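Residues per chain, in single letters:
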Amino acid sequence: MKWTITADVEEYAAAAEPWLLRDPVRNTVMLTVLRGIRSGQFTVDPLLAWLEDGDTVAGAACQTPPYPLALGDVPLAALPLLARDLIEMDHDVPAVGGPAAVAEAFARAWWRPETRRRAERLYRLGSLRAPSAPGKPRVAGPDDLPTAVRFFQEFQHEAHVERTADPTPVVAARVNREELIWWEDDDRPVSIAGVSAPIAGMSRIGPVYTPPDLRGRGYGSAVSHAASRKALDDGATEVLLFTDLSNPTSNSVYQRLGYRPIADYATIHFT
């Protein structure tokens with residue numbers, strides 16, 4: 001087995017995209033990152049890699065700084081090879097994310113110790129069930145950009161997710177693609193949810209964020225339902241989301257909406 005590493009998105013796509021599209025559910029993150037790079041959303045030093053086993057592509061990885069290295073469901077024996085190649089390149093990996101066993105295998109091979117991890121669970125929508133909350137949904141538009149950026153920043157700090165990353169380019173791109181949904185009560189935005197445009201029939205919900213002083217009123221459930229409904233209306237046949245396993249409230253909320261667990265994932269941070 002060997003890894004090929006490049007910064008050329010089309011070279012990477014030519015090799016890795018067919019492998020990613022074989023399982024768009026489990027490769028949801030990497031497919032949305034690929035679309036983001038192609039659209040100019042992530043432009044600074046992308047690291048793109050694919051694994052070859054003989055003449056067959058057997059895995060993929062990607063990183064867009066300052067975000068974690070993202071791994072697909074690749075053979076565990078290939079992770080020390082990737083770690084070795086990145087160490088030889090003197091490439092910085094502040095964190096790694098992917099299926100739990102895959103992320104852990106990379107972390108064992110990496111030269112820096114683990115400092116913390118975020119345990120996550122991937123869910124798939126079954127039959128969507130509607131909650132009850134005051135207000136109504138609305139697709140975010142260009143005038144919403146400052147407020148949406150603020151909500152994303154608050155989410156990043158509270159969830160300890162990419163806290164150093166400026167979310168403005170991501171939020172702007174998602175507004176342009178009509179991928180952000182507000183829940184409004186009394187004509188005031190009270191909760192936000194992202195919903196990715198379908199890729200190979202797959203759409204992912206997230207992030208979902210309600211400011212602390214507005215919680216306990218059903219806004220998060222309502223905006224998650226609205227985003228899920230939009231994904232289905234836009235043609236998605238698989239609607240997915242990730243939850244933080246340390247938050248039992250959000251896990252129970254999504255299950256009440258009709259989401260069912262698929263697999264466990266992890267994001268592991270290094271010193």
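The structure contained in this document is the topic of the report that follows. All of these numbers come straight from a predicted model, not from anything done at the bench.

### Remarks on the environment of threonine 168
Right, on to step 1. With respect to the secondary-structure elements, threonine 168 resides in helix 6 (residues 168–176).
Right, on to step 2. Taking relative accessible area as the criterion, threonine 168 reaches 29% and is therefore assigned partly exposed.
Right, on to step 3. Distance from threonine 168 to alanine 222, taken between C-alpha atoms, is 25 Å for residues 54 residues apart in sequence.

### Here we look at the sheet that holds strand 4 (residues 69–71)
Right, on to step 1. Pairing is mixed in the open sheet, where 12 strands are placed in the order 1-2-3-4-5-12-6-11-10-9-8-7. Each edge of the sheet is formed by a strand with only one pairing partner; in this case those strands are strand 1 (2–6) and strand 7 (136–139). Across the sheet, the mean angle from the axis of one strand to that of its neighbour is 25°, orientation sign disregarded.
Right, on to step 2. When strand 10 (residues 202–209) meets strand 11 (residues 238–244), the two strands line up parallel, connected through four bridges. The residue of strand 11 that forms the bridge with isoleucine 205 is leucine 241.
Right, on to step 3. Packing against the sheet, helix 1 (residues 9–21) makes contact with strand 1, strand 2 (47–53) and strand 3 (56–63), and its axis sits at approximately 120° to strand 3.
Right, on to step 4. Its contacts with the sheet place helix 5 (residues 145–159) against strand 6 (114–125), strand 8 (180–185), strand 9 (188–195) and strand 10, and it is angled at close to 80° to strand 10.

### Some thoughts on the pairing of strand 9
A regular strand carries its side chains on alternate faces of the sheet.
Right, on to step 1. The buried fraction of strand 9 is high, at six of eight residues.
Right, on to step 2. Linking two consecutive strands that pair antiparallel, namely strand 8 and strand 9, is a turn of two residues; a positive phi of about 55° is found at aspartate 186 within it.
Right, on to step 3. As paired elements, strand 9 and strand 10 share three bridges and run antiparallel to each other. Of the residues in strand 10, the one forming a bridge with isoleucine 192 is tyrosine 209.
Right, on to step 4. The antiparallel pairing of strand 9 with strand 10 creates a hairpin that spans six residues between the two strands, and alanine 200 there sits at a positive phi of about 50°.

### Overview of the packing of aromatic side chains
Right, on to step 1. Applying the stated criterion across every chain yields a total of seven aromatic pairs.
Right, on to step 2. Geometrically, the ring pair formed by phenylalanine 155 and tyrosine 209 is edge-to-face, given 6.5 Å between the ring centres and 75° between the ring planes. Separated by 54 residues along the polypeptide, phenylalanine 155 in helix 5 and tyrosine 209 in strand 10 bring together distant segments of the chain. Taken individually, phenylalanine 155 and tyrosine 209 each receive the classification buried, so the pair is uniform in this respect.

### So, the layout of surface pockets
Right, on to step 1. By volume, the second largest pocket amounts to about 180 Å³.
Right, on to step 2. If you go around the second largest pocket, you meet 13 residues; those closest to its centre are Pro66, Arg116, Glu162, Arg163 and His269.

### Considering the pattern of salt bridges
Right, on to step 1. Scanning the entire structure with this criterion turns up 22 salt bridges.
Right, on to step 2. The partner of aspartate 244 in a salt bridge is arginine 118, and the shortest N-O contact between them spans 3.4 Å. Remark: arginine 118 occurs in strand 6 and aspartate 244 occurs in strand 11; sequence separation between them is 126 residues. Accessibility classification places aspartate 244 together with arginine 118 in one group, the buried group.
Right, on to step 3. Residues joined by salt bridges that share partners form a network here, namely Arg35, Arg174, Arg177 and Glu179.

### Overview of helix 8 (residues 248–257)
Note: α-helices contain 3.6 residues per turn, so residues at a spacing of three or four share the same orientation.
Right, on to step 1. Residues of helix 8 that are buried include every one of Ser250, Asn251, Val253, Tyr254 and Leu257, and no others. What you see down the axis of helix 8 is that its buried residues fit within an arc of 160°, all on one side. Across from the buried face of helix 8, at angles greater than 90 degrees, the exposed residues are Pro248, Thr249 and Arg256.
Right, on to step 2. For helix 8, the N-terminal capping position is held by asparagine 247, with its side-chain oxygen 3.1 Å away from the main-chain nitrogen of threonine 249.

### Observations concerning the nonpolar core
Right, on to step 1. Tyr12, Leu69, Leu71 and Phe106 are the most contacted members of the largest nonpolar core, which totals 55 residues.
Right, on to step 2. Of all elements in the fold, only helix 1, helix 2 (28–38), strand 2, strand 3, strand 4, helix 3 (79–88), helix 4 (100–109) and strand 12 (259–270) reach the threshold of two or more residues within this core.
Right, on to step 3. The leading source of residues in this core is helix 1, at seven residues.
Right, on to step 4. In contact with leucine 71, other than residues within four places in its own chain, are Met30, Ala60, Ala61, Leu79, Leu82, Val96, Gly97, Gly98, Pro99, Val102 and Phe106.
Right, on to step 5. In this structure, Leu125, Ala133, Ala193 and Val253 belong to the second largest nonpolar core, which totals 24 residues.

The rules we used
Residues numbered from 1 in each chain as written. Predicted model: local features only at pLDDT ≥ 70, side-chain atom pairs only at ≥ 80, totals over all residues. Heavy atoms only, no water. Helix = DSSP H or I, 4+ residues; strand = E, 2+ residues; numbered from the N terminus. Buried < 20%, exposed > 50% of the residue type's maximum accessible area, 1.4 Å probe, protein only. Pairing = 2+ DSSP bridges. Axes fitted to C-alpha atoms, helices over the stretch in contact; angles between N-to-C directions. Contact = heavy atoms within 4.5 Å. Phe/Tyr/Trp six-rings, centres within 6.5 Å; stacked < 30°, edge-to-face > 60°. 1 Å grid on protein atoms, 1.4 Å probe; cavity = no way out; pocket = protein on both sides within 12 Å on 5 of 7 lines; lining within 4 Å. Points joined across faces, edges and corners; volume = space filled by probe spheres on them. Salt bridge = Lys/Arg side-chain N within 4 Å of Asp/Glu carboxyl O. Arc of directions from axis to C-beta. Polar contact = N/O pair within 3.5 Å; in protein donor to acceptor, adjacent residues only side chain to side chain. Core = buried A, V, L, I, M, F, W, Y, C linked by side-chain atoms within 4.5 Å.

Don't take any of this as a statement about function, it's just geometry.
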